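# Reading the structure
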Amino acid sequence: MKPTVLVTRAVFPEVIELLSQHFDVESNQVDEVYGEDELKRRLQGKVGLFSNPTDGVSADVIRSVPGLKAVCNMAVGYNNIDVAAATEAGILVTNTPDVLNETTADLGWALLMAAARRVTESEHYLRAGLWKKWSYDGFLGADIHGSTVGVIGMGRIGQAIARRSIGFDMQVVYHNRSRLTPEQEAYANHARYLGKEELLRTADHVVLVLPYSPASHHTIGAAELALMKPTATLVNIARGGIVDDAALIDALKRGTIAAAGIDVFENEPAFNPGFLELKNVALTPHIGSASRPTRMAMATTAARNLIAALSGQVPPNLLNPEARQP
Ligand code: DGY
């Protein structure tokens, strides 16, 4: 008899097929989002969970499934999983790093350019039939080329953002829990390490790429926004909760900063409706990694992690090696 696993959200049929070669798969191709009770109910009797960032894999969920051995998240972020509770229960947890770095960095740049150059706002104007004449000061924005980009969270995606700035003849400053090696800094367009406050004062534009944790909650709030240049653009491609969205909306209304490009929101998908009243924002619904090849790579990576974890091997992207039984 094959081990049974739960796939919580719709995924590429090829990936269900791959999993089915190894497991009895309960899938969810109708793509209902399971709340905690439904997740607990469906997990009963399963040994593996192919989870998504929309699933709250809390300590409660983990403790309610005594036979569970592995939780393999289809995302690089894993703040939806209580890893400490999983470790305590001897459950392996994995994520999907690396395969989405370049695609997510691309979206960071798309949002930066769209917001700074007022692409979304001017497109809405055009679509609304308001464009009657060209004018010298129509939709003046900020330059990207030649400017200084500040990257907060200089992991793999942050470094990919920095590398892209070479083509725009830019300077890079960054803030991170730990400094990069001199070689890494050189490869990331000679990125210069700064304290957070100095970065916010120095950068022409700021991109957030740090993981969410209680320690990074509201890394950017009213006080931090007040340090930024009034011509600056803020981009959040990291996680909702890293920015105090109400404070950001207020700063955008007052002109404390010029614009924002936002892909992730507090309490998403139920974001702060104040964003919709603003013209100086480019908004996308958490699509940082959403290219077909990258989402396929993420799904395949999560599936391979699950296959390895449930066949006694060390999964390639194991987050909690201490959970493995000796
Ligand atoms: C991730 O991988 O963490 C992304 O945010 C999900 O697309």
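Rules and cut-offs
Residues numbered from 1 in each chain as written. Predicted model: local features only at pLDDT ≥ 70, side-chain atom pairs only at ≥ 80, totals over all residues. Heavy atoms only, no water. Pairing = 2+ DSSP bridges. Helix = DSSP H or I, 4+ residues; strand = E, 2+ residues; numbered from the N terminus. Axes fitted to C-alpha atoms, helices over the stretch in contact; angles between N-to-C directions. Patch = residues over 30% accessible without salt bridge, like charges linked within 9 Å, V, L, I, M, F, W, Y side chains within 5 Å. Areas by Shrake-Rupley, 256 points an atom, 1.4 Å probe, with all protein chains shown as cover. Salt bridge = Lys/Arg side-chain N within 4 Å of Asp/Glu carboxyl O. Phe/Tyr/Trp six-rings, centres within 6.5 Å; stacked < 30°, edge-to-face > 60°. Buried < 20%, exposed > 50% of the residue type's maximum accessible area, 1.4 Å probe, protein only. Arc of directions from axis to C-beta. Contact = heavy atoms within 4.5 Å. Right-handed = clockwise from strand over helix to strand, strands pointing away. Near = heavy atom within 4 Å. Polar contact = N/O pair within 3.5 Å; in protein donor to acceptor, adjacent residues only side chain to side chain. Nonpolar A, V, L, I, M, F, W, Y, C, P; charged D, E, K, R; others polar.

### Side note on the sheet that holds strand β2 (residues 24–26)
Backbone hydrogen bonds hold the strands of a sheet together, and the pairing may be parallel or antiparallel. Reading across from one edge, β2-β1-β3-β4-β5 is the order of the five strands in this open sheet, with parallel pairing throughout. Every other strand in the sheet has two partners, leaving β2 and β5 (92–94) as the edge strands with one partner each. For this sheet, the mean angle separating the axes of adjacent strands, direction not counted, is 15 degrees. One ladder, built from three bridges, connects strand β4 (residues 70–73) with β5; its direction is parallel.

### Section: a nonpolar patch on the surface
The grouping of Leu126, Trp131, Trp134 and Tyr136 at the surface amounts to a nonpolar patch, some 630 Å² of accessible area in total. Inspection of the secondary structure puts Trp131 in the loop between α6 (119–127) and β6 (148–152).

### Considering the packing of aromatic side chains
For the structure shown, the criterion picks out five aromatic pairs. Seen from their ring centres, Tyr125 and Phe139 are 4.9 Å apart, and the 75 degrees between their planes marks the pair as edge-to-face. Within this pair, whereas Tyr125 is found in helix α6, its partner Phe139 is found in the loop between α6 and β6, the two being separated by 14 residues in sequence. Ring geometry for Phe265 and Phe275: centres 5.4 Å apart, planes at 80 degrees, overall edge-to-face. A residue pair is termed long-range when its members are at least 10 positions apart, and Phe265 in the loop between β11 (259–262) and β12 (281–283) and Phe275 in the loop between β11 and β12 qualify at ten residues. Of the two residues examined, Phe265 and Phe275, each falls in the buried class.

### Structural notes on the pattern of salt bridges
Here the structure, examined in full by the defined rule, presents 18 salt bridges. Lys40 serves as the salt-bridge partner of Glu36, at 3.7 Å between the closest nitrogen and oxygen. Of this pair, Glu36 and Lys40 both sit in helix α2 (residues 36–43), four residues apart, which is roughly one turn of the helix. Classification of Glu36 as partly exposed rests on a relative accessible area of 35%. The partner of Arg179 in a salt bridge is Glu185, with the nearest N and O atoms 3.1 Å apart. In this structure Arg179 comes out as exposed when scored by relative accessible area, which is 53%.

### Points about α2
Because the α-helix completes a turn every 3.6 residues, residues three or four places apart line up on one side. Residues of α2 that are buried include every one of Leu39, Lys40 and Leu43, and no others. In an axial view of α2, the angular spread of the buried residues amounts to 100 degrees, which keeps them on one side of the axis. Exposed residues lying more than 90 degrees from the buried face of α2 are Asp37 and Arg41. Tucked into the core, α2 has its buried residues touching β1 (4–7), β3 (48–51) and α3 (59–63). With its phi angle positive at about 85 degrees, Gly45 sits one or two positions after the end of α2.

### Some points on the pairing of strand β7 (residues 171–175)
Burial analysis of β7 places four of its five residues in the buried class, which makes it a mostly covered element. Crossover connection from β6 via helix α7 (residues 156–164) to parallel β7: handedness right-handed. Here β7 runs beside strand β8 (residues 192–193); their pairing, made up of two bridges, is parallel. By the bridge assignment for β8, Val173 is matched with Arg192. The handedness of the β7 to β8 crossover, carried by helix α8 (residues 182–187), is right-handed.

### What to know about the site of the ligand
The environment of the ligand is made up of Ala75, Val76, Gly77, Leu100, Arg239, His286, Ser289, Arg295 and Met298. At 2.7 Å from an oxygen atom of the ligand is found a main-chain nitrogen or oxygen belonging to Val76. Between an oxygen atom of the ligand and a side-chain N or O atom of Ser289, the distance comes to 2.8 Å. Looking at the shell around the ligand, its residues break down into four nonpolar, three polar and two charged.

### Some details on unusual backbone geometry
Residue Pro269 is bonded to the preceding Glu268 through a cis peptide linkage, with omega at 5 degrees. When you line up the elements, Pro269 lands in the loop between β11 and β12. For Asn189, which is not a glycine, the phi torsion comes out positive at approximately 55 degrees. Tracing the sequence through the fold places Asn189 in the loop between α8 and β8. You will see that Asn267, though not glycine, has its phi angle at about 60 degrees, which is positive. Looking at where Asn267 falls in the secondary structure, it is placed in the loop between β11 and β12. Residue class for Asn267 comes out exposed when judged on its relative accessible area of 65%.

### With respect to the side chain of Asn320
Among the structural elements, Asn320 can be located in the segment after α12 (292–309). Asn320 sits in the buried class, given a relative accessible area of 0%. Within the local environment of Asn320, its side chain forms a polar contact with the side chain of Thr87, the two groups lying 3.1 Å apart. Polar contacts involving the side chain of Asn320 include one to the main-chain carbonyl oxygen of Ile91, which spans 2.8 Å. Sequence-distant contacts of Asn320, that is, excluding residues within four places in its chain, are made with Val83, Ala86, Thr87, Ile91, Leu92 and Val93.

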